[in-house]
Amino acid sequence: MAFSLFGGSDKKDSGAAPTSGDSSNVNSIKENLQAQILQEIALTNATELISKISNNCYEKCILNPGSSLSAADATCLDQCSEKYIQAWNTISRRYLARVQSESKN
């Protein structure tokens, strides 16, 4: 009795073509993986945006760090954050439009 090195059987592949059921299962798995990858990319992008907003807006707006924010600091942070988000959304929309137009060609 022979055993494969990593616990599989030592049976040879029969060489049979995958059935349509196998193909739909593979497509389903592929679609699920693509959806998970897109979610991971979206999460990474959101994390990057928040990090950039935090670092850049803090440096710009908080001149004298203390135990609380002044009204001017809070206003500056709000405006700075809003500008970053608007810029990010504009760039994202244009990038997606470009990718979509290039994929059609």
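Before reading further, recall that the structure is shown in the block above.
Rules and cut-offs
- Residues numbered from 1 in each chain as written.
- Predicted model: local features only at pLDDT ≥ 70, side-chain atom pairs only at ≥ 80, totals over all residues.
- Heavy atoms only, no water.
- Core = buried A, V, L, I, M, F, W, Y, C linked by side-chain atoms within 4.5 Å.
- Buried < 20%, exposed > 50% of the residue type's maximum accessible area, 1.4 Å probe, protein only.
- Helix = DSSP H or I, 4+ residues; strand = E, 2+ residues; numbered from the N terminus.
- Contact = heavy atoms within 4.5 Å.
- Salt bridge = Lys/Arg side-chain N within 4 Å of Asp/Glu carboxyl O.
- Disulfide = S-S within 2.5 Å.

A. Here's a closer look at the nonpolar core. Core analysis: the biggest nonpolar cluster contains 6 residues, these being L49, I53, C57, C61, I62 and C80. Here this core takes 4 residues from helix α1 (residues 20-61), the largest share from any one element. Leave out the neighbours within four places in its chain, and I53 touches Y58, S81, Y84 and I85.

B. Region of interest: the pattern of salt bridges. For the structure shown, the criterion picks out 2 salt bridges. Taking the shortest distance from any N to any O, the salt bridge between K52 and E48 comes out at 3.5 Å. Taken as a pair, K52 and E48 lie in helix α1 at a separation of 4 residues, close to a single helical turn. Judged by relative accessible area, K52 falls into the partly exposed class, the value being 38%. Salt-bridge contacts for E102 lead to R98; the nearest nitrogen and oxygen are separated by 3.1 Å. Residue E102 and its partner R98 are both found in helix α2 (residues 71-104); the two are separated by 4 residues, about one turn of the helix.

C. Molecular detail of the state of the cysteines. Within this structure, the stated rule accounts for 2 disulfides. C57 shares a disulfide with C80; S-S distance 2.0 Å. In this structure the cystine formed by C57 and C80 twists about its S-S bond by roughly -85°; its chirality is therefore left-handed. Taken together, the residues span a long stretch of sequence, with C57 in helix α1 and C80 in helix α2 at a distance of 23 residues. A sulfur-sulfur separation of 2.0 Å characterises the disulfide bridge that pairs C61 with C76. Since a negative S-S torsion denotes a left-handed disulfide, the C61-C76 link at about -70° is left-handed. Note that C61 is positioned in helix α1 and C76 in helix α2, a separation of 15 residues in sequence. The disulfide pattern of the protein chain is 1-4, 2-3 when the bonded cysteines are numbered in sequence order.

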